[in-house]
Every structure is written in C-alpha cells, then in structure tokens.
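# Coordinate analysis (summary)
For reference, the chains in residue letters:
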Amino acid sequence: MTDPARPCYHFTAPAGWLNDPNGTIYHDGWYHLFYQHHPFSDDWGPMHWGHARSRDLLRWEHLPIALTPAMDGTENGIWSGCVAINKLEQPLAFYTRANLPSAEGAEGDFTQDAALGSADLLQWEKLTEPVLKREGASAAFRPDWRDPFVFHTQDRTFMLVGMTGVGLPLYEALDDAFLQWEFRGIISEIDAECPNFFEIDGRWLYLWSPFNNVQAALGEFDLANYRFEPHWQGRYDWSEFGHSDYYATNHLYAPDGRSILFGWIRGWAPGHGWNGCMGIPRAVRVDGQGVLRTPPIAEMTSLRSALMKEEGHIALEDDTHTLSTAAGSQYELHCRLSLGSAETAGFDLRLAQDGSAAHLLWVDRAGVHLDGVHIPLSEAELAQPIDLHLFMDRSVAELFVDGGRYCAVRVLKDFDAANTGLGLFSQGGQAHFDDLQVWSLRSCDSQG
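A short tour of the structure in this document, coming up. (Residues numbered from 1 in each chain as written. Predicted model: local features only at pLDDT ≥ 70, side-chain atom pairs only at ≥ 80, totals over all residues. Heavy atoms only, no water.)

## Some points on the pattern of salt bridges
We apply this condition: Salt-bridge detection follows one rule: a side-chain nitrogen of Lys or Arg within 4 Å of a carboxyl oxygen of Asp or Glu. The helix and strand labels rest on DSSP assignments: H or I over at least four residues marks a helix, E over at least two residues marks a strand, and numbering proceeds from the N terminus. Exposure classes here rest on a 1.4 Å probe applied to the protein chains alone. A residue is buried below 20% of its type maximum, exposed above 50%, and partly exposed in between.
Overall, the coordinates contain 26 salt bridges when judged by the stated rule. Its salt-bridge partner being Asp245, residue Arg266 comes within 3.4 Å of it at the nearest N-O pair. Of this pair, Arg266 sits in strand β18 (residues 259-266) while Asp245 sits in strand β17 (residues 245-253); the two residues are 21 residues apart in sequence, bridging distant segments of the chain. On the accessibility criterion, Asp245 (1% relative accessible area) is buried. A salt bridge links Asp256 to Arg258, with the shortest nitrogen-to-oxygen separation between them at 2.9 Å. Through salt bridges that share partners, Glu75, Arg97, Asp113 and Lys126 make up one connected network.

Next comes the structure, spelled out in structure tokens:
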C-alpha cells in the first residue's frame, strides 16, 4: 500500500469511492458487507453495491460487485438498503432504485426494489418489478424516499423506508417470499436517511442519519399500534458532519447474539484513487442504567502486534512527556485521564522529530476534544477519570470515551506521514494518566 493516508485496518474498497454500508448480514459462516460504491472514480457517481466477506469482521475478502445500475433512464443508481433471508431461505437484497432527474429542477421517482441472491450471496438477479412504489397510501411520500431496512419481531417481518417531511413509514411482509408488503402507518415522526431499527437488551434502538450527525433513540415498539415510543433521544456519534464524519449506519446480529454496527467514515478530498472507509465495527449494548454504549468489537485485540508502552501512573504538571518507545502511524491507545488541577491535558498524537505537534486529543473543563471535534461532558463526568480509547490508523483517528458512551471520528486533514511520535502534556496544573497502554496494530490482510 503506497498511499500513506490510506487506512490499514479500517475497511476500504479496492479502489474508487465508498460510502454507506449496505446489507450487513451474517450468513452461513460469513459476515457480509455490501456498500455504496463508485468503482470508476474516487468521487461520488452512479452507485453500485460493492461486496466483501469476512470470518472475523476484520480481515475482508473483496468480492465481485454485487449490483450494477442499468443506467437506462429508470435506474441511474443502486442506492442503499439491506439484505434479508426470507422464509423460503432465499437471500434478498432490498435497495432503492434511484431514478435521478434528467434536468435541473425535475424530480426523479424512486422505488424500493429487490434482487434475488444465490445461497452463497455471490450472485444476484434483479427482480423485474419493484417491491414498493408510491401509490395508494404512500402516494404523498417524497419521490426520493429511500434506504429500506428490514427487521423481524414475533415471527413477523417489517420494512422501514427513509424519508423526510412525512415521518418514518412502516410496511409488513404479507408472504413468505418477502415480496408483498402492506403499509402499516407512520412508526415515528422522526424521519431521515438510513433508518436502523432493532431490539437490543430489552429495548428498541432507532438510529437515523439526518443529513448531519447520526442520532439515536431508545424506547418501546408498540406492535399493536405500529408505533415507536422513545424514552431517550440524543446524538449518537460526535463527529463533525461536513468535515470528517461518521454516517449512514447499518446493523447485523452476530451468531453469538451480539449487535454489531457499521458506519461510513468520510472526509478525504478526491485524488487518492480511493475515498472513504468503514468505521471499526462497534458492539451495541444498553448497560444496567439504560445507557447506550457502542465500544469497538472485542475482535480488535487480535490486531495487536506489540505492547509499545505501559505505565500504571504518570503525573504531569505544566509539562510534556514523550513516549519514546511508542511511535508509528497505526496503533491503539487506552488510558484513564484525570484533570486534577490542570485546565487542559491530553495527547500529542503526531509528534514531529523536533517535538512540535498540535494537541490532537485533549480534555479540558468543557469535555473531550479530538482535533476540533468537541464531546461535552458534565461536571460530574469530568470529576471522574475519563476513559479514553483511541485507534489511530494513518489519517483516521477513531475515539471511544467511557466504554463507547461517546464516539467520534476525525480524518486528519494535515496528515504528515513523517510525524509518528506520541506524547503527553498538561497545562495549568497537574494531570494524572493512569493505566496507559499503547499497542502497535497489524494491517488487515485485505487492506495491506
């Protein structure tokens, strides 16, 4: 891999543009990841479905493109969706057939379509008729409704479709083939792109991407009335939309029952020959206090190659400290940081050889900061040690705070491959760094 900015253990396409994860599913011993893909450019264009599979969610085998748009005036893009196995044991890829406008000011009229897959999910044949189109009760929906998401409960199968301005429509499958659907109503007035809805630890989690930071709500699904009643709602990921962000989540259940979440990381300019990557898969859970947490999957520990630095306690007072044995561009860092009397303390993630660096990860009295991304914390949270778990992957920094209660991603715009040092600092008083560990991480085989 010659591009020093290209991530080594975050999933990337072989070449070209990558955005939303689609059709994430565990099937017959394999995790499958489909994704929005423009194979002929590193900028957005006619969307295909790229495809890869993995045994461990880390090392991915790139497969032939699964779905290609016909480009016939009625299908100018295969937009986001999901994969489900119907009751006849047939794989189906549900996607939005994007009929983009041919003239400025004109509107396309999208439909929700499907393709029938082979048993190994390697070959796909598009069905000739849409499974959903705007008619009857849905005639007033926006023409650009999109991103079908299928979920199951109580031996029933439902589909959500992303949209704005009307609410989130819910459909139910009427047949075992999942080809006949009936509109059940508006499940929530909260609407946006890329809806995800699934049961987790006795609650229902709704994730959506509102053309801005990913949002989340936990609550109850009233199946009798087809309504979602949230008990908590808030920002899921704190990445800054429009600079480098985490967007367009997709979910699967692992064979051990875990809920795994994927998301798209963006923020690179065209010109690399590739563009975009997936975030580290996150394990979704709700803790005993009803708090949503999405830490990195446990499988990430298998990428550790060497423990470069381990310190039980470091106290710094208006000082800096270089971790001389910890250097590189792909590593994992874990630490509990206590501000103490300091006003600011944290990590220089990209130390130059002369010792100069920006403070790319720090904590102050307002919360946690990752190269301009701000995660606000309460006074009570700041009074306790702040658990910081950072993954650096060349030009990508992905941060998990307090066991995944807060998450953020940053694509480093001023990335310099020569700056590989790591250091600590404190300002305005004494700070404490406890249980500090830094591991170098291997590249994933399909990415290296």
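## Here's the deal with the packing of aromatic side chains
To keep things clear, this is the line we draw: For Phe, Tyr and Trp, where Trp contributes only its six-membered ring, two rings pair if their centres lie within 6.5 Å, and the inter-plane angle classes them as stacked under 30 degrees, edge-to-face over 60, or tilted in between. Should the NZ of a Lys or the CZ of an Arg lie within 6 Å of a ring centre and within 35 degrees of the ring normal, that charge is described as sitting over the ring.
Inspection of every chain in the model, using the stated rule, returns 35 aromatic pairs. Ring plane angle 80 degrees and centroid distance 6.1 Å describe the contact between Tyr206 and Phe228, whose orientation is recorded as edge-to-face. Taken together, the positions of Tyr206 in strand β14 (residues 203-209) and Phe228 in strand β16 (residues 227-235) put the pair 22 residues apart, joining distant regions of the chain. Site record: aromatic cluster; members linked through ring pairs are Phe151, Phe158, Phe197, Trp204, Tyr206, Trp208, Phe221, Tyr226 and Phe228. Positioned above the aromatic ring of Trp30 is the side chain of Arg53, whose terminal nitrogen or guanidinium carbon lies 4.0 Å from the ring centre.

## Describing the pairing of strand β11 (residues 168-173)
The line we're drawing: Note on pairing: two strands pair once DSSP finds at least 2 bridges between them.
Across the 6 residues of β11, 6 count as buried, placing the element largely inside the fold. Covered by surrounding structure in β11 are Leu168, Leu170 and Glu172 together with Pro169, Tyr171 and Ala173, the residues of both alternating faces. Counting the residues between successive antiparallel strands, the hairpin from strand β10 (residues 156-162) to β11 contains 5 residues, one of them, Gly165, with a positive phi of roughly 90 degrees.

## Concerning the side chain of His32
To be explicit about the condition: Whenever two N or O atoms come within 3.5 Å, that pair is a polar contact, provided that in protein one can donate a hydrogen and the other can accept it, and provided that, for residues adjacent in sequence, both atoms are side-chain atoms. We call two residues in contact when some of their heavy atoms are within 4.5 Å.
Along the chain, His32 turns up in strand β2 (residues 30-38). Within the structure, His32 has its side chain in polar contact with the side chain of His51 (distance 2.9 Å). Apart from residues no more than four positions distant in its own chain, His32 is found in contact with Gly23, Thr24, Ile25, His27, His51, Ala52, Arg53, Trp60, Asp120 and Leu121.

## So, the sheet that holds strand β27 (residues 361-364)
Inclusion rule: Fitting a line to C-alpha atoms yields each axis, with helices limited to the stretch in contact; the angle taken between N-to-C directions then spans 0 to 180 degrees.
Within the open sheet, the 6 strands sit side by side as β24-β33-β26-β27-β28-β29. Their pairing is antiparallel. Strands at the two margins of the open sheet, each flanked by one partner only, are β24 (320-327) and β29 (373-376). Across the sheet, the axes of successive neighbouring strands diverge by a mean angle of 15 degrees, strand direction being ignored. For strand β26 (residues 344-351) and β27, the ladder comprises 4 bridges, and the chain directions are antiparallel. Of the residues in β27, the one forming a bridge with Phe347 is Leu361.

## Describing the sheet that holds strand β12 (residues 181-188)
Taken together, 4 strands build an open sheet; the order of strands is β9-β10-β11-β12 and the sheet is antiparallel. Looking along the sheet, the strands with just one partner apiece sit at the ends: β9 (146-153) and β12. Between one strand and the next, the sheet's axes are offset by a mean angle of 30 degrees, whatever the strand orientation. As defined by bridge partners, β11 adjoins β12 across 6 bridges and the pair is classed as antiparallel. From the neighbouring strand, Leu168 faces β12, where its bridge partner is Ser188.

## Topic: the pairing of strand β30 (residues 386-393)
Taken residue by residue, a regular strand's side chains alternate between the two faces of the sheet. Of all 8 residues making up β30, 7 are buried, and the element is well covered by its neighbours. Sheet topology places strand β25 (residues 330-338) next to β30; 8 bridges connect them, and they run antiparallel. Counted as the bridge partner of Glu332 is Phe391 from β30. When β30 meets strand β31 (residues 396-401), the two strands line up antiparallel, connected through 6 bridges. Following the sheet pairing, Leu390 is matched in β31 by Leu399. Where β30 folds back on β31, the antiparallel hairpin that results is connected by 2 residues, among which Arg394 adopts a positive phi of roughly 60 degrees.

## Some words on the environment of Asp416
When you line up the elements, Asp416 lands in the loop between β32 (406-411) and β33 (421-427). A relative accessible area of 35% means that Asp416 is categorised as partly exposed. The spacing of Asp416 and Ala306 is 110 residues in sequence and 23 Å in space, taken between C-alpha atoms. Within the structure, the side chain of Asp416 is placed 2.9 Å from the backbone nitrogen of Ala418, a separation counted as a polar contact.

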